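Report on the structure
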Amino acid sequence: MPVLSEELRNRIRAEFPKYPDKRAVTLPALHIVHDALRMVSPAAIVEIAELLELHPSEVSDTMTFYGFFHDKTPLGKRRVWVCRSISCMLRGGEELLAGLCNRLGVKPGQTTADGSVTLEYAECLGACEGAPCMLVNDECHMNLTEDSAAELIRK
Ligand code: FES
């Protein structure tokens, strides 16, 4: 049974005209699959490679270059990145991350038992003026306290 649905395959195929060749669709395809399945499994890599007419190792090489993609366990519904770079660290980013770990009962990189949140640390999010900050999925939240961060995640 294929990992990629026909709908996902069609979404990847729809990227082909936007790029000079199928190889250039590797990253968009990885994002499409990662968004939909919350991970890119080895079986999904093989199927992406077939669609792009590449060897699976080429897709895997691209994917593993980035720390962004999960390949073993699916991400939670919400992916939360707490910045741990210098500006955020100086303004309580480490304490923020430790507090969220406590509240959620996870370590950085883990997903809550109910699958609702994956908590990770990030390097500079480019929003140093609002330190400490974090991303919740694609949305950046700044000037956080442990309470305001926990409330955001709860919502
Ligand atoms: S150091 Fe945290 S956003 Fe730049």
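See the structure shown above.
Heads up: these notes are all about the structure in this document. (Residues numbered from 1 in each chain as written. Predicted model: local features only at pLDDT ≥ 70, side-chain atom pairs only at ≥ 80, totals over all residues.)

**Some remarks on unusual backbone geometry**
Here the residue pair A131 and P132 is connected by a cis peptide bond, since its omega of -5° sits within 30 degrees of zero. By the secondary structure assignment, P132 is in the loop between strand 2 (117-122) and strand 3 (134-136). The residue R38 is not glycine, and still its phi comes out positive at about 65°. Mapped onto the fold, R38 is located in the loop between helix 2 (26-37) and helix 3 (42-52). Residue R38 is classed as partly exposed on the basis of its C-beta count, with 17 C-beta atoms lying within 10 Å. (Helix = DSSP H or I, 4+ residues; strand = E, 2+ residues; numbered from the N terminus. Buried ≥ 20, exposed ≤ 12 C-beta atoms within 10 Å, placed from the backbone.)

**Comments concerning the sheet that holds strand 1 (residues 78-83)**
If you walk across this open sheet you meet the four strands as 2-1-3-4, and the pairing is mixed. Looking at strand neighbours, the two that pair on one side only are strand 2 and strand 4 (139-141), the edges of this open sheet. Along the sheet, successive strands turn relative to each other by an average axial angle of 25°, direction set aside. With six bridges connecting them, strand 1 and strand 2 associate as parallel partners. Residue pairing for strand 2: R78 is matched across the bridge by V117. Packed on one face of the sheet, helix 7 (residues 146-154) meets strand 1, strand 2, strand 3 and strand 4 and runs near 10° to strand 3. (Pairing = 2+ DSSP bridges. Axes fitted to C-alpha atoms, helices over the stretch in contact; angles between N-to-C directions. Contact = placed C-beta atoms within 7 Å.)

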